[in-house]
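The lines below spell out each chain.
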Amino acid sequence: MTKPMYKQFRSPQGWYSFLFPVTWEHMVVEEIPAFFHPDGGGALQVYAFESKLEHFDVDKELENYLKIHEIDYDPEKVAVFENNEGSNIRACEFQREDRVWMVYLVANKERMILLTYNSDEEVGDELFQQLTNIISSVRFLN
């Protein structure tokens, strides 16, 4: 039997899950899950939001997030996806204070997850593919 390449993380609230590489570790700091390779220079942090009133506008949420970090929002630099369960996904990257940031928003109706990866090292092809696989595996439960 082959060893699995990914393991599942399920949110403490039980309303989202995703897969992350078995070679990565995870810990929760101030109620924010963080995922990282023990020999790497970066971490993926996951923030979850739920709206009681309306659906999330992922483009507006991404624009607001970037504004907080004093980054100009340029829609030409944002990748737009939708997964097979109808979740809207936005992805972009920027550099700030010698750190590389990859920002992902995944939203489905009243639920949204903001995932940020930041590192003091360049994101190579293998890491980029791992991050893409994680984002692609996000599922909202219930």
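Placed above this text is the structure.
All figures in this text were calculated on a predicted structure; none of them were measured in a lab. (Residues numbered from 1 in each chain as written. Predicted model: local features only at pLDDT ≥ 70, side-chain atom pairs only at ≥ 80, totals over all residues. Heavy atoms only, no water.)

**Q** Account for the sheet that holds strand S1 (residues 6–10), with residues named and values stated.
**A** If you walk across this open sheet you meet the 3 strands as S1-S2-S10, and the pairing is antiparallel. Looking at which strands have only one partner, the edges of the open sheet turn out to be S1 and strand S10 (139–140). Note that S1 and strand S2 (residues 16–21) share 5 bridges and pair antiparallel. Residue pairing in the sheet places Lys 7 in a bridge with Phe 20 of S2. (Pairing = 2+ DSSP bridges. Helix = DSSP H or I, 4+ residues; strand = E, 2+ residues; numbered from the N terminus.)

**Q** Lay out the packing of aromatic side chains in plain terms, naming residues and giving numbers.
**A** The full count for this structure, using the stated rule, is 9 aromatic pairs. Seen in terms of ring centroids, Phe 94 and Trp 101 are 5.9 Å apart; in terms of plane orientation they differ by 5 degrees. Their pairing is stacked. Its relative accessible area of 16% is what places Trp 101 among the buried residues. Members of the aromatic cluster, connected to one another through ring pairs, are Phe 9, Trp 15, Tyr 16, Phe 18, Phe 20, Phe 35 and Phe 140. (Phe/Tyr/Trp six-rings, centres within 6.5 Å; stacked < 30°, edge-to-face > 60°. Buried < 20%, exposed > 50% of the residue type's maximum accessible area, 1.4 Å probe, protein only.)

**Q** Quick rundown of the layout of surface pockets? Include the residues and the values.
**A** Its boundaries defined by the atoms lining it, the largest pocket holds a volume of some 240 Å³. In terms of lining residues, the largest pocket is bounded by 13 residues, among which Phe 81, Ala 91, Tyr 104, Phe 128 and Thr 132 are the most central. Mapped onto the lining of the largest pocket, the elements with two or more residues apiece are strand S6 (79–82), strand S7 (88–96), strand S8 (99–108) and helix H2 (125–136). By residue class, the composition of the lining of the largest pocket is 9 nonpolar, 3 polar and 1 charged. (1 Å grid on protein atoms, 1.4 Å probe; cavity = no way out; pocket = protein on both sides within 12 Å on 5 of 7 lines; lining within 4 Å. Points joined across faces, edges and corners; volume = space filled by probe spheres on them. Nonpolar A, V, L, I, M, F, W, Y, C, P; charged D, E, K, R; others polar.)

**Q** I'd like a rundown of the sheet that holds strand S9 (residues 111–119), residues and numbers included.
**A** Read across the sheet, 7 strands follow the order S3-S4-S5-S9-S8-S7-S6 without closing on themselves; strand pairing throughout is antiparallel. Both outer strands of the open sheet, strand S3 (25–29) and S6, are each paired with one neighbouring strand and no more. Recorded for the sheet is a direction-independent mean angle of 20 degrees between the axes of neighbouring strands. Bridge analysis of strand S5 (residues 42–50) against S9 gives 9 bridges, and the strand direction is antiparallel. Opposite Tyr 47, over in S9, you have Leu 114 as the bridge partner. (Axes fitted to C-alpha atoms, helices over the stretch in contact; angles between N-to-C directions.)

**Q** How would you sum up H2? Please name residues and give values.
**A** The first and last C-alpha atoms of H2 sit 16 Å apart over 12 residues, in line with the 16 Å expected at 1.5 Å per residue. Each element contacted by the buried residues of H2 is listed here: S1, S2, S5, S7, S8 and S9. (Expected span 1.5 Å × (residues − 1). Contact = heavy atoms within 4.5 Å.)

**Q** Any details on the pairing of S9? Residues and values, ideally.
**A** Counting buried positions over the 9 residues of S9 gives 9, a clear majority of the element. Both faces of S9 are covered, namely the face carrying Arg 111, Ile 113, Leu 115, Tyr 117 and Ser 119 and the face carrying Met 112, Leu 114, Thr 116 and Asn 118. In the sheet, S8 pairs with S9 via 9 bridges, with the strands oriented antiparallel. Bridged to Val 100 within S9 is Ser 119. The hairpin formed by S8 and S9 contains 2 residues between the paired strands, and Lys 109 there has a positive phi angle of roughly 60 degrees.

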